[in-house]
Amino acid sequence: MKNLQFKDMIRRYGILIGLIGLITGFSVLSERFFTISNMLIVMRQTSIVAFLAMGMTFVILGAGIDLSVGSILAFSGAVGAGVMQSRGIFFGILAGLALGAALGAFSGIVITKLKIPAFIATLAMMAIARGGTLVYTDGRPITGLPSSFAFLGRGYIGNVPFPIILMLIIFILAYIVLKLTRFGRYVYATGGNINAARASGIKVDNVIISTFAISGFLSGLTGMVLASRLNSAQPTAGMGYELDAIAAVVLGGTNLFGGEGELWGTLVGAFIMGILNNGLNMLNVSSFYQQVVKGIVILIAVTVAQSGKK
């Protein structure tokens, strides 16, 4: 009985225990790590992965996968920055968000209507969006953005960076959608058993398209936040970010086959990725070794989670 209770605790809270362990370990190894200023830096850096990972959670809960989020981030950021130069901040941000949502929805349509696997459809979208970014920017950064646009990625409310506040707002909204709305229940049902969901009257195609649109929208938001932080839209922005987003979702305990997972776990997974990057940098660990360490941590976390489920 006690063994079952222990396994259930690991299954539910293992990722949180791992986060606390990481913080404790880095705090012992570096006295500069666990300070208010550094924790705010970690949270601000983590917000980029967190935005993408929260969108990815919707997709994976619906038994999909989205490899295009990094490229959509770059394309949305570039188009938003371009529109911003001629039409102002409001229309620039609107253009970036709309493009991200449209590209995500298009991937969902291709998957549901043409019956193309999500892996292939989003792999194609990854190439399309990255190519579109390079064509739009001619391979050069877009600079000269309005000074007030810097608030989105570098501003503060009180002593708290605005991206952190925005991340918490998005998390609360996404949590409400997944846990307290009919759409959220449909997402879990679709990922759990698509045939049963369809037989029960759920319009699963619309659910899948919507999850990809949400992922694309949050990718567009991330593109705008990143452009604001860098004060430019880089054509190479977001390269490899899709892997970090997927890793955060998996670390958070979401089942890659859909139907099972919690958004708070995704947020914790994103923080684990951010803390690993920050802590290893503070310890002057080579970036080459950092990739190895992150891979090992992900493998251990997933192994522990799976053993807890068994």
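Residues numbered from 1 in each chain as written. Predicted model: local features only at pLDDT ≥ 70, side-chain atom pairs only at ≥ 80, totals over all residues. Heavy atoms only, no water.

Observations concerning helix α4 (residues 89-113)
Along an α-helix, a turn takes 3.6 residues, which lines up residues three or four apart on a common side.
Part 1 of the reasoning: In a regular helix each residue adds 1.5 Å, so 25 residues correspond to 36 Å; α4 covers 36 Å between its end C-alpha atoms and thus fits that length.
Part 2 of the reasoning: Following α4 by one or two positions, Lys115 adopts a phi angle in the positive range, close to 60°. (Helix = DSSP H or I, 4+ residues; strand = E, 2+ residues; numbered from the N terminus. Expected span 1.5 Å × (residues − 1).)

Things to note about the packing of helix α2 (residues 36-61) against helix α7 (residues 162-180)
Part 1 of the reasoning: Contact pair α2 / α7: the axes reach a minimum separation of 9 Å and the direction vectors enclose 20°. Between α2 and α7, the angle falls in the class roughly parallel. Handedness of the α2/α7 crossing: left-handed. In this structure, α2 uses Leu40, Met43, Arg44, Ser47, Ala50, Phe51, Met54, Phe58 and Leu61 to contact α7, whose residues at the interface are Pro163, Ile164, Leu166, Met167, Ile170, Phe171, Ala174, Val177 and Leu178.
Part 2 of the reasoning: Here the contact of α2 with α7 is built from residues that sort into 16 nonpolar, one polar and one charged. (Axes fitted to C-alpha atoms, helices over the stretch in contact; angles between N-to-C directions. Parallel < 35°, antiparallel > 145°, perpendicular 65-115°, else oblique. Left-handed = near helix turned anticlockwise from the far one by under 90°. Contact = heavy atoms within 4.5 Å. Nonpolar A, V, L, I, M, F, W, Y, C, P; charged D, E, K, R; others polar.)

What to know about the nonpolar core
Part 1 of the reasoning: Core analysis: the biggest nonpolar cluster contains 78 residues, and Phe51, Met54, Leu166, Met167, Leu221 and Ile272 have the highest contact counts within it.
Part 2 of the reasoning: A total of 14 residues in this core trace back to one element, the largest contributor, which is α2.
Part 3 of the reasoning: Ignoring sequence-local partners within four residues, the contact set of Met167 consists of Met43, Ser47, Ala50, Phe51, Met54, Leu267 and Phe271.
Part 4 of the reasoning: Within the second largest apolar cluster, seven residues are counted, among which are Ile72, Val79, Met125 and Ala129. (Core = buried A, V, L, I, M, F, W, Y, C linked by side-chain atoms within 4.5 Å. Buried < 20%, exposed > 50% of the residue type's maximum accessible area, 1.4 Å probe, protein only.)

Side note on the confidence of the model for the protein
Part 1 of the reasoning: When pLDDT is averaged along the protein, the result is 90, and 93% of the positions lie at 70 or above.
Part 2 of the reasoning: The element-level mean pLDDT for the protein is lowest in helix α13 (residues 287-309), coming to 74, with α4 highest at 97. (pLDDT = per-residue confidence, 0-100.)

What to know about empty space enclosed by the protein
Part 1 of the reasoning: Throughout the structure, instances matching the rule amount to one cavity of 30 Å³ or more.
Part 2 of the reasoning: Each pocket or cavity is described by its volume, and for the largest cavity that value is around 50 Å³.
Part 3 of the reasoning: Around the largest cavity, the lining residues are Leu73, Ala74, Gly77, Ala78, Gly223, Leu226, Ala227, Leu230, Ser232, Ala233, Gln234 and Ala237.
Part 4 of the reasoning: Going through the elements one at a time, α3 (69-87) and α10 (204-230) are the ones with two or more residues in the lining of the largest cavity. (1 Å grid on protein atoms, 1.4 Å probe; cavity = no way out; pocket = protein on both sides within 12 Å on 5 of 7 lines; lining within 4 Å. Points joined across faces, edges and corners; volume = space filled by probe spheres on them.)

Considering the layout of surface pockets
Part 1 of the reasoning: Its volume calculated, the second largest pocket comes out at about 340 Å³.
Part 2 of the reasoning: In terms of lining, the second largest pocket is formed by 17 residues, of which the most central are Val49, Tyr241, Asp244, Asn277 and Lys294.
Part 3 of the reasoning: Where the lining of the second largest pocket is concerned, the elements lending two or more residues are α2, α10, α11 (241-251), α12 (263-282) and α13.
Part 4 of the reasoning: Classifying every residue of the lining of the second largest pocket gives six nonpolar, eight polar and three charged.

Considering the packing of aromatic side chains
Part 1 of the reasoning: Inspection of every chain in the model, using the stated rule, returns four aromatic pairs.
Part 2 of the reasoning: Each ring, one from Phe26 and one from Phe33, has its centre 5.4 Å from the other, and the planes form 45°; the classification is tilted. Taken individually, Phe26 and Phe33 each receive the classification buried, so the pair is uniform in this respect.
Part 3 of the reasoning: Here the aromatic rings of Phe171 and Tyr175 are separated by 6.0 Å at their centres, their planes lie at 35°, and the arrangement is tilted. (Phe/Tyr/Trp six-rings, centres within 6.5 Å; stacked < 30°, edge-to-face > 60°.)

A short note on the packing of α7 against α12
Part 1 of the reasoning: One way to put it is that α7 packs onto α12 with a least axis distance of 10 Å and a crossing angle of 150°. In this view, α7 runs roughly antiparallel relative to α12, as classed from their interaxial angle. Residues Met167, Phe171, Ala174, Tyr175 and Leu178 of α7 lie in contact with α12, whose contacting residues are Leu263, Trp264, Leu267 and Phe271.

Description of the environment of Trp264
Part 1 of the reasoning: Tracing the chain through its elements places Trp264 in helix α12.
Part 2 of the reasoning: The sequence separation of Trp264 and Ile194 amounts to 70 residues, and the corresponding C-alpha distance is 24 Å.

Let's talk about the environment of Gly295
Part 1 of the reasoning: You can see Gly295 is positioned in helix α13.
Part 2 of the reasoning: Overall, the relative accessible area of 37% leaves Gly295 in the partly exposed class.
Part 3 of the reasoning: Residues Gly295 and Glu260, spaced 35 residues apart in sequence, show a C-alpha to C-alpha distance of 23 Å.

What about the pattern of salt bridges?
Two side chains of opposite charge can pair, provided their charged atoms sit close to one another.
Part 1 of the reasoning: Counting across every chain of the model gives four salt bridges.
Part 2 of the reasoning: The shortest N-O distance in the salt bridge between Asp138 and Arg140 comes to 3.2 Å. For the pair Asp138 and Arg140, a shared accessibility class is recorded, and that class is exposed.
Part 3 of the reasoning: In this structure, Arg198 engages Asp205 in a salt bridge whose closest nitrogen and oxygen atoms are separated by 3.9 Å.
Part 4 of the reasoning: Overall, the relative accessible area of 42% leaves Arg198 in the partly exposed class.
Part 5 of the reasoning: Overall, the relative accessible area of 19% leaves Asp205 in the buried class.
Part 6 of the reasoning: Taken together, the shared-partner salt bridges connect Lys113, Arg198 and Asp205 into one network. (Salt bridge = Lys/Arg side-chain N within 4 Å of Asp/Glu carboxyl O.)

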